[in-house]
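# Fold and contact review
Each chain, letter by letter, is given below.
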Amino acid sequence: VRRPIIAGNWKMYKTARETVEFFEQFKPLVKISHHCDIVIAAPFTVLVDAVKAAEGSNIAIAAQDLFWEAEGAYTGEISPLMLVDVGCRYTLVGHSERRQLFGETNQNVNKKIKAALSVNLTPIVCIGEMLEEREANQTQKVIQTQFLEGFAGLTAQAFSRIILAYEPVWAIGTGRTATPEIAGEVHEYIRGLADASFGQPGARNLRILYGGSVKPDNIKGLMAQAHVDGALVGGASLNADSFGSIVNF
Ligand code: PGA
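Scope of this entry: the structure provided in the associated data block. The model shown is predicted, which means the values in this text are computed figures rather than measured ones.

## Looking at the pattern of salt bridges
Tallied over the entire structure, the rule returns 10 salt bridges. Across the pair D37 and R3 runs a salt bridge, and its minimum N-O distance is 2.6 Å. Taken together, the positions of D37 in strand 2 (residues 37–41) and R3 in the segment before strand 1 (5–9) put the pair 34 residues apart, joining distant regions of the chain. Looking at R3, the relative accessible area reads 37%, which means it is partly exposed. Notably, a salt bridge pairs E104 with K112, separated by 2.9 Å at the nearest N-O pair. Its relative accessible area of 5% is what places K112 among the buried residues. Through salt bridges that share partners, D65, R98, E104 and K112 make up one connected network.

And the structure:
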């Protein structure tokens, strides 16, 4: 039995004050929610505030990205250890916005995964196809390449510490959620890839989140799919009430 994870991705939203306000409203809503792990990926500038606000609760804090070097002359970058230092336990890696807008490649994703694992940060690795790729029947091929290149050189032991998020790019921020059937089908395919590369029990234990326009009114249907183990929620995680109802699906 895989423990579900509901993760929020705040993207480039929220000041320190807004972060504190969010947690004041959100914490009471999920205080007795023990059926899943709860994670919030906040901007770098409010990680300290988020960790402090979440103290003593069942909510873990994630970064949205990291650099792979331990330290050095890398202006503007944040190292894995810096994230651990402020109390992060997870980090997103390879979000489609990083891939599309900031030139993130599967090779970079691979280095970031290894760097995160080296300091015991849990990577939530995002993969997913674009609309043109789905329409050209390339979904499985794209997912396979992202998977094989992203996870190249990992041992089965290292792979067992990773969380995957399937986020079809056409569903992100568009209000156009994948149907539970589409999500379920791709998740099953991903689990097969995990089995082929890393075997059991890794593939069976791998938690695969769905992301892309997850809302309070579609979370139940998605979670009912056998291979959907949670959600990565963008827009609907910014509001305490809506994210609270998604957590309490
Ligand atoms: P969305 O974003 O829920 O706003 O579609 C999901 C994501 O980008 O992780």
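Text resumes after the structure shown.
## Some thoughts on the environment of E55
Topologically, E55 is positioned in the loop between helix 2 (47–54) and strand 3 (59–63). Since its relative accessible area comes to 58%, E55 is described here as exposed.

## Section: helix 12 (residues 240–247)
Among the eight residues in helix 12, six count as buried, and that is most of the element. Considered for burial, the residues of helix 12 that qualify are A240, S242, F243, G244, I246 and V247. Buried-residue contacts for helix 12 involve strand 1, helix 1 (16–30), strand 2, helix 11 (219–223) and strand 8 (230–233). A distance of 3.0 Å separates the backbone nitrogen of D241 from a side-chain oxygen at the start of helix 12, and that oxygen is part of N239.

## Describing the site of the ligand
Taken together, 13 residues form the shell around the ligand, and within it K11, H95, E167, G173 and S213 come nearest. Contact distances for the ligand include 2.8 Å between an oxygen atom and a backbone N or O atom of G234. Between the ligand and G235 there is a distance of 2.8 Å, counted from an oxygen atom to a backbone nitrogen or oxygen. About the coverage of the ligand: the protein hides 96% of its 280 Å² of free accessible area. Taken together, the residues of the shell around the ligand break down into four nonpolar, seven polar and two charged.

## Notes on the sheet that holds strand 5 (residues 122–127)
The sheet built from eight strands closes into a barrel, its strands ordered 1-2-3-4-5-6-7-8 with parallel pairing. In this sheet, neighbouring strand axes are inclined to one another by 25° on average, regardless of whether the strands run parallel or antiparallel. Taken together, the four bridges between strand 4 (residues 90–93) and strand 5 define a ladder with parallel strand orientation. Paired with V93 across the strands is V125, a residue of strand 5.

## Regarding unusual backbone geometry
The step from Q200 to P201 runs through a cis peptide bond, and the omega angle for that step is 5°. Of note, P201 is situated in the loop between helix 9 (180–198) and helix 10 (202–205). Phi angles above zero are rare outside glycine, and K14 is one such case at about 90°. Mapped onto the fold, K14 is located in the loop between strand 1 and helix 1.

## What about the nonpolar core?
Counting 64 residues, the largest nonpolar core has F23, F26, I61, F151 and I190 as the members making the most contacts within it. Examining the composition of this core, we find that six residues originate from one element, helix 9, more than from any other. Core analysis: the second largest hydrophobic core is formed by 14 residues, V39, A60, Y90 and I163 among them.

So, how was this worked out
Residues numbered from 1 in each chain as written. Predicted model: local features only at pLDDT ≥ 70, side-chain atom pairs only at ≥ 80, totals over all residues. Heavy atoms only, no water. Salt bridge = Lys/Arg side-chain N within 4 Å of Asp/Glu carboxyl O. Helix = DSSP H or I, 4+ residues; strand = E, 2+ residues; numbered from the N terminus. Buried < 20%, exposed > 50% of the residue type's maximum accessible area, 1.4 Å probe, protein only. Contact = heavy atoms within 4.5 Å. Polar contact = N/O pair within 3.5 Å; in protein donor to acceptor, adjacent residues only side chain to side chain. Near = heavy atom within 4 Å. Areas by Shrake-Rupley, 256 points an atom, 1.4 Å probe, with all protein chains shown as cover. Nonpolar A, V, L, I, M, F, W, Y, C, P; charged D, E, K, R; others polar. Pairing = 2+ DSSP bridges. Axes fitted to C-alpha atoms, helices over the stretch in contact; angles between N-to-C directions. Core = buried A, V, L, I, M, F, W, Y, C linked by side-chain atoms within 4.5 Å.

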